[in-house]
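Listed below, chain by chain, are the residues.
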Amino acid sequence: MAPNPVPDHVPPEMVRDFSLFTSPGMLPTPNGDPHAAVACVHEGPPIFYSPYNTRDGQGTWVITRAKDQRRVLQDAETFSSHRSIFASALGENWPMIPLELDPPAHGVFRSLLSPLLSPKRVLVLEPAVRERAIALIKRIVASGRSCDVMKDFAVPFTVSIFLSFLGLPDHRLDTFVAWGKDLLHGDDEKRQVAARTIVAFIDELAAVRRKEPADDFMTFVVQAKVEGRPLTHEQVRGVGVLLFVAGADTVAAALGFDLAYLARNLKEQEWLRSEPDRIAPAAEELLRAYPTVQIIRVAKKDIDFEGAPIRKGDYVSCATMIANRDPTEFERPNTIDLARQENRHAAFGYGPHRCLGSHLARREIVIGLEEWLSRIPAFRIKESTAPIAHGGHLFGIENLILDWS
Ligand code: HEM
């Protein structure tokens, strides 16, 4: 039976016809701007109930102010991260780690994994990241004066970094790109098949690294001990799957939105090209203006929050795209100002689960933009094409055909 999108305890006056999945501007739309479509929620109350606000059609409370989102994300005692999003698509119930763990287990696994994604470690990875960006852009330049940014650059760039993290060669790139595409954009059947394939792949790689250790991430995970015990098969799988889900499409989507913005704003494009030191702060402003993740928590107990009767089991949405356009947090939130100062944005979340890959993500984005701007002359959206942007749990952009002829 389909879940009831509005439970009985939700007062009808707190229900709003708004959803990150189905509202105008959220469905894939040529030249759509789902981030701008979100801004309307700030005219309303600090919290409301949104029916159909998840992929499977469930309702969620929506928190509209950045400061209230921080309150929710900070309070893991009341708001749980345990959802098994990936596993439930397979009819299973294991968490992605550490994303879907609550304290105290969360902290133990987070401490285990954080050295692998620390700023120091990212410095070591950087030359390989730059090399991949350069190789892909050179191929694009050699093949003409136009390309599909997502297909030819952003997706293969970020997936190949995931592969190198796992210690795998690039020749499996196309297979991984196809799995990622089916997982995020396929119909239910394709998504299930992709999810099973990814799980089988992670399980198999873990088995290989147990027998033949290498100097890579998966070897680290299979050899790691938590409270004196090695990780179980399920825990190894939970970590491996998260890395794939968390790292690849998020960065690709960010690069897509950034290049779409620059393609439409030639003056700013030229400014960054001539002053590359401006790229890092500009990338922060673009992360603020075009964040991609809707964070969901599940209430562990009943709580009245800003007048809303949240009950145990209710979903609570802390959408980063809503926090980042909050006028009580940012001056002129809907204006993109690449020189904006004091940019305390929420793109990477907040609190104990704040993105562990943010250092790597930032370097991937900045390096991707640096290499793109230094190798591709003034570019625009190709005439008679229209990029398709969409909402959902992970905002994204497709069909971004750029032209520099
Ligand atoms: C622009 C790119 C990215 C964005 C916008 C992003 C966003 C986020 C957000 C909002 C969270 C918090 C989720 C929550 O609280 O439930 C998160 C968690 C996480 N992200 Fe990222 N992420 C990005 C890139 C990456 C990359 C490249 C990696 C790793 C290679 C990564 C690894 C993780 C991990 C491991 C967590 C879980 C942290 C925990 O639960 O303690 N992310 N990310």
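Here, every reference points to the structure presented above.
Quick caveat, the model's predicted, so the values are computed rather than measured. (Residues numbered from 1 in each chain as written. Predicted model: local features only at pLDDT ≥ 70, side-chain atom pairs only at ≥ 80, totals over all residues. Heavy atoms only, no water.)

With respect to the layout of surface pockets
Approximately 270 Å³ is the volume found for the second largest pocket. Around the second largest pocket, the lining residues are Leu116, Arg121, Val124, Leu125, Ala128, Ser164, Phe165, Gly167, Asp215, Asp216, Phe217 and Phe220. Of all the secondary structure elements, the ones that give two or more residues to the lining of the second largest pocket are helix H5 (119–143), helix H6 (149–165) and helix H9 (217–223). (1 Å grid on protein atoms, 1.4 Å probe; cavity = no way out; pocket = protein on both sides within 12 Å on 5 of 7 lines; lining within 4 Å. Points joined across faces, edges and corners; volume = space filled by probe spheres on them. Helix = DSSP H or I, 4+ residues; strand = E, 2+ residues; numbered from the N terminus.)

Quick word on the coordination of the iron atom of the ligand
You will see that the iron atom of the ligand has only one donor from the protein, Cys355 (SG), lying 2.3 Å away. Mapped onto the secondary structure, Cys355 falls in the loop between helix H13 (320–323) and helix H14 (358–375). (Donors = N, O, S within 2.8 Å, 3.2 Å for Na, K, Ca; no water.)

Some points on the pairing of strand S8 (residues 294–299)
Looking down a regular strand, the side chains alternate between one sheet face and the other. The buried fraction of S8 is high, at 6 of 6 residues. Going residue by residue along S8, you find Gln294, Ile296 and Val298 tucked away on one face and Ile295, Arg297 and Ala299 tucked away on the opposite face as well. As judged from the 2 bridges shared by strand S4 (residues 79–80) and S8, these two strands associate in the antiparallel manner. Paired with Phe79 across the strands is Ala299, a residue of S8. (Buried < 20%, exposed > 50% of the residue type's maximum accessible area, 1.4 Å probe, protein only. Pairing = 2+ DSSP bridges.)

Examining the site of the ligand
Near the ligand lie 27 residues; those nearest to it are His106, Arg110, Arg297, His353 and Cys355. The separation between an oxygen atom of the ligand and a polar side-chain atom of Arg110 is 2.7 Å. Elements represented by at least two residues in the shell around the ligand include exactly helix H4 (105–113), helix H10 (233–264), S8 and H14. With 6 residues, the single largest contributor to the shell around the ligand is H10. (Near = heavy atom within 4 Å. Polar contact = N/O pair within 3.5 Å; in protein donor to acceptor, adjacent residues only side chain to side chain.)

Focus: the packing of aromatic side chains
The tally for this structure, following the rule as stated, stands at 17 aromatic pairs. For the ring pair Phe153 and Phe157, a centre distance of 5.4 Å and an interplane angle of 15 degrees mean the geometry is stacked. A residue pair is termed a helical-turn pair when its members lie 3 or 4 positions apart in one helix, as Phe153 and Phe157 do in helix H6 at 4 residues. Each member of the pair Phe153 and Phe157 is classed as buried. Seen in terms of ring centroids, Phe162 and Phe176 are 5.9 Å apart; in terms of plane orientation they differ by 55 degrees. Their pairing is tilted. Here Phe162, found in helix H6, pairs with Phe176, found in helix H7 (residues 173–185); they are 14 residues apart in sequence, far enough to count as distant. Like Phe162, the residue Phe176 is buried in the burial classification. Every member of this aromatic cluster is reached through a ring pair, and the members are Phe153, Phe157, Trp372, Phe379 and Trp404. Sitting above the plane of the Tyr315 ring, Arg83 keeps its charged end 4.9 Å from the centroid. (Phe/Tyr/Trp six-rings, centres within 6.5 Å; stacked < 30°, edge-to-face > 60°. Lys NZ or Arg CZ within 6 Å of the ring centre and 35° of its normal.)

Points about the pattern of salt bridges
Summed over the entire model, instances satisfying the criterion amount to 24 salt bridges. For Arg70, the salt bridge is made with Glu329, and the minimal N-O distance between the two is 2.8 Å. With a gap of 259 residues between them, Arg70 in helix H2 (residues 66–74) and Glu329 in the loop between H13 and H14 connect regions that are remote in the sequence. On the accessibility criterion, Arg70 (19% relative accessible area) is buried. Note on Glu329: relative accessible area 23%, which makes it partly exposed. Each of Glu92, Arg196, Asp203 and Arg237 takes part in salt bridges that share partners, so that together they form one network. (Salt bridge = Lys/Arg side-chain N within 4 Å of Asp/Glu carboxyl O.)

Structural notes on empty space enclosed by the protein
Where empty space is left becomes clear once a probe the size of a water molecule has been rolled over the atoms. Using the criterion set out here, one finds 1 cavity of 30 Å³ or more in the structure. Roughly 30 Å³ of internal volume is contained in the largest cavity. If you go around the largest cavity, the residues you meet are Leu125, Ala128, Val129, Arg132, Ile161 and Ser164. Elements represented by at least two residues in the lining of the largest cavity include exactly H5 and H6. No other element matches the 4 residues that H5 contributes to the lining of the largest cavity. Broken down by class, the residue content of the lining of the largest cavity amounts to 4 nonpolar, 1 polar and 1 charged. (Nonpolar A, V, L, I, M, F, W, Y, C, P; charged D, E, K, R; others polar.)

What about the sheet that holds strand S5 (residues 146–148)?
Across the sheet, which stays open at both edges, the 3 strands sit in the order S5-S15-S12 with antiparallel pairing between neighbours. Looking at which strands have only one partner, the edges of the open sheet turn out to be S5 and strand S12 (380–381). The sheet strands contacting H6 are S5 and strand S15 (401–403), and the helix crosses S5 at an angle near 65 degrees. (Contact = heavy atoms within 4.5 Å. Axes fitted to C-alpha atoms, helices over the stretch in contact; angles between N-to-C directions.)

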